[in-house]
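Now for the letters of each chain:
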Amino acid sequence: MSQHEQWQPLIVAFCCNWCSYAGADLAGTSRLEYPPSIRIIRVPCSGRINPQFVVRAFQRGADGVLVAGCHPGDCHYSTGNFFARRRFLLATRFLEYLGIEPERFEVRWISGSEGQKFADVVRELTERVRKLGPAWKLRDAV
Amino acid sequence: MIAALLEDKHLEELLRARVRQLLESGQISLFLGYERQESLPGILPSSVPCIIRDPSDVARLVFDRVCHRSLVKYLLDLPTGGDSKERRAGLVVRGCDSLALQRLIQDHRVSREEVYLLGIPCTGMVDKRKLSKVYPQSPSVSLESILDDTCLGCDTHNPVIYDELLCEKVSEAPSSVVDFVQVRRLEALSPDERYKVWEAEFSRCIRCFACRNVCPACDCRQCTLESNDPGWITKHTSISEQFMFHFIRAFHVAGRCVGCGECERVCPMGINIGELNRKFMKDIRELFGRDNPKMPRDVEPLGKFNPDDPEEFL
């Protein structure tokens, strides 16, 4: 086994309380297997996720970041994810513009019944990040 | 000669006479304008902001092509409270200044009744860096060659709000800003190359906050950049912190930037901050359609949504 294969990426996921966190929960209770690379931070709504959170995650050691929320139209607060969608359409492009590999950052809508989708998204993101290797851009030099 | 390119004596006389009238009649209590900074022969001419309260001081007022600083942010530093008529301020507005002022009015930081606007259709300011290369001896220099880049791409020469115009409106030439040449050039690079470009830019940043202070879209009463809790940035100047600082600054003015280019002009380190703002401008136009910044009550693009916005996150 090469060193690269042993290395396990660290993925920080911001999941909305009502859909994506429940989706992650369902993946667990359904005994679906997905890589242990993920650290979930539960937030009230995808509209709560400030794009600065993403930069902060990269600063403090994340190799990849996932932002997940309810499908548009399903928001517990009616419109939070519509605002989040606009914000993250810009944020994904802006992070790429600053030189962050687009493969490291992903936004997905995952509902409370999509446990399988949650597991798939985490697996795909982990594999993509694993191919890129550890993130060093934006990293705090501490 | 360069001096003739920079000055407009006729406009200056008009301005002085009108400001004198306004001050004497009590319509305004003070006037925000520009005065000539003392300079030695051979040193670049420069105009700096000044406040005129006494009608006999109007002779100090100038208006030429080196009046770079936008005056509208000074309105936030004027005393508030009391009768708004008594503290009514007059100021000159060009196209970009009027968009900037509109931003402050939309954000309820300035009320329209508090200001009296002398509109000046503007055909561009001179870039000091370009001017310094040809000043003072200049047998044949075209105005075009020393104009500021932002002004060359300007699509709002005429003020969008004003109380009176001091001269005839000028024709709005098709803007070259829409081409986003620099942004496209950067987008064509690989992520690593882009990171290197921004690393080189941001590492020069001395965190003087001049770009924030001068920006009409940065008008919060409390700035997150000065907050210790949550402390998004510290006083470190590591490259990681520099990225965070510029990310926050650029994102906070996304969809609010009026494209005046003040942040680039004011930067002592010559960081091309404008390319961050223009990236947002370009993406917003491509994704959400073009907002009309000239509409007085248009909600900023990130403060609203459309259920049919592009869907990339399914």
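A brief look at the structure comes next.

Conventions adopted
- Residues numbered from 1 in each chain as written.
- Chains lettered and ligands numbered in written order.
- Predicted model: local features only at pLDDT ≥ 70, side-chain atom pairs only at ≥ 80, totals over all residues.
- Heavy atoms only, no water.
- Helix = DSSP H or I, 4+ residues; strand = E, 2+ residues; numbered from the N terminus.
- Rg over C-alpha atoms; globule rule 2.2 N^0.38 Å.
- Buried < 20%, exposed > 50% of the residue type's maximum accessible area, 1.4 Å probe, protein only.
- Contact = heavy atoms within 4.5 Å.
- Areas by Shrake-Rupley, 256 points an atom, 1.4 Å probe, with all protein chains shown as cover.
- Lys, Arg positive; Asp, Glu negative; His and termini not counted.
- Charge placed at Lys NZ, Arg CZ, Asp CG, Glu CD.
- Pairing = 2+ DSSP bridges.
- Axes fitted to C-alpha atoms, helices over the stretch in contact; angles between N-to-C directions.
- Nonpolar A, V, L, I, M, F, W, Y, C, P; charged D, E, K, R; others polar.
- Phe/Tyr/Trp six-rings, centres within 6.5 Å; stacked < 30°, edge-to-face > 60°.
- Arc of directions from axis to C-beta.
- Buried area = accessible area lost by both parts, 1.4 Å probe.
- Salt bridge = Lys/Arg side-chain N within 4 Å of Asp/Glu carboxyl O.
- Polar contact = N/O pair within 3.5 Å; in protein donor to acceptor, adjacent residues only side chain to side chain.

## A word on the overall build of chain B
- Scanning chain B from N- to C-terminus turns up 12 helices and six strands.
- What you see for chain B is a C-alpha radius of gyration of 21 Å, in line with the 20 Å of a compact globule of 314 residues.
- Here chain B holds 314 residues, and 48% of them are scored as buried.
- In chain B, once contacts between residues fewer than 6 apart in sequence are set aside, the share between residues at least 24 apart is 72%.
- Summing over all exposed atoms, chain B offers an accessible surface of approximately 15000 Å²; the carbon and sulfur share of this is 53%.
- Charged side chains of chain B number 42 positive and 48 negative; the gap between the two group centres comes to 2 Å.

## What to know about the sheet that holds strand β4 (residues 105-109) of chain A
Residue and element names in this part refer to chain A.
- Pairing is parallel in the open sheet, where four strands are placed in the order β2-β1-β3-β4. The sheet terminates laterally at β2 (38-43) and β4, the two strands that pair on one side only. Recorded for the sheet is a direction-independent mean angle of 20° between the axes of neighbouring strands.
- Where strand β1 (residues 11-16) lies against β2, six bridges are found, and the strand directions are parallel. In the strand pairing of β2, Cys16 is matched with Val43.

## Description of the packing of helix α3 (residues 51-59) of chain A against helix α4 (residues 80-98) of chain A
All names here are of chain A.
- Packing of α3 against α4 brings their axes to within 10 Å, and their N-to-C directions diverge by 35°. Along its contact with α3, which presents Pro51, Val54 and Val55, the element α4 presents Arg87, Phe88, Ala91 and Leu95.
- When grouped by side-chain class, the residues that make up the contact of α3 with α4 number six nonpolar, no polar and one charged.

## Some words on the packing of aromatic side chains
- With the rule as written, the count across this model stands at 21 aromatic pairs over all chains.
- Aromatic side chains Tyr97(A) and Trp198(B) sit 5.7 Å apart centroid to centroid with 55° between the ring planes, which places their arrangement in the tilted category. Highlighted residues: Tyr97(A) in helix α4 and Trp198(B) in helix α8 (residues 191-202), drawn from two different chains. Each member of the pair, Tyr97(A) together with Trp198(B), is buried.
- Ring plane angle 75° and centroid distance 5.6 Å describe the contact between Trp109(A) and Phe313(B), whose orientation is recorded as edge-to-face. Placement of Trp109(A) in strand β4 and of Phe313(B) in the segment after α12 (274-288) is noted, with the two residues assigned to different chains. We note that Trp109(A), like Phe313(B), is buried.
- Every member of this aromatic cluster is reached through a ring pair, and the members are Phe94(A), Tyr97(A), Trp136(A), Tyr195(B), Trp198(B), Phe202(B), Phe243(B), Phe247(B), Phe251(B) and Phe280(B).

## Some remarks on helix α2 (residues 20-29) of chain A
Residues and elements named next belong to chain A.
- Within α2, the full set of buried residues consists of Ser20, Gly23, Ala24 and Ala27. The buried residues of α2 all sit within an arc of 100° when viewed along its axis, so they share a single face.
- If you follow the buried residues of α2, they end up packed against β1, β2, β3 (64-69) and α5 (115-132).
- The positive-phi residue at the C-terminal boundary of α2 is Arg31, with phi of around 60°.

## Quick look at the interface of chain A and chain B
- Taken residue by residue, the interface counts 37 residues in chain A and 42 residues in chain B.
- Taken together, the two surfaces of chain A and chain B that pack against each other cover about 3900 Å², and 66% of this comes from carbon and sulfur.
- There are four salt bridges connecting chain A and chain B.
- Summed over the shared surface of chain A and chain B, the result is 21 residue pairs in polar contact (both at pLDDT 80 or more).
- Put simply, the parts of the chain that give the side of chain A that touches chain B at least two residues each are α3, α4 and β4 of chain A.
- Residue contributions to the side of chain A that touches chain B peak at 15 residues, all from α4(A).

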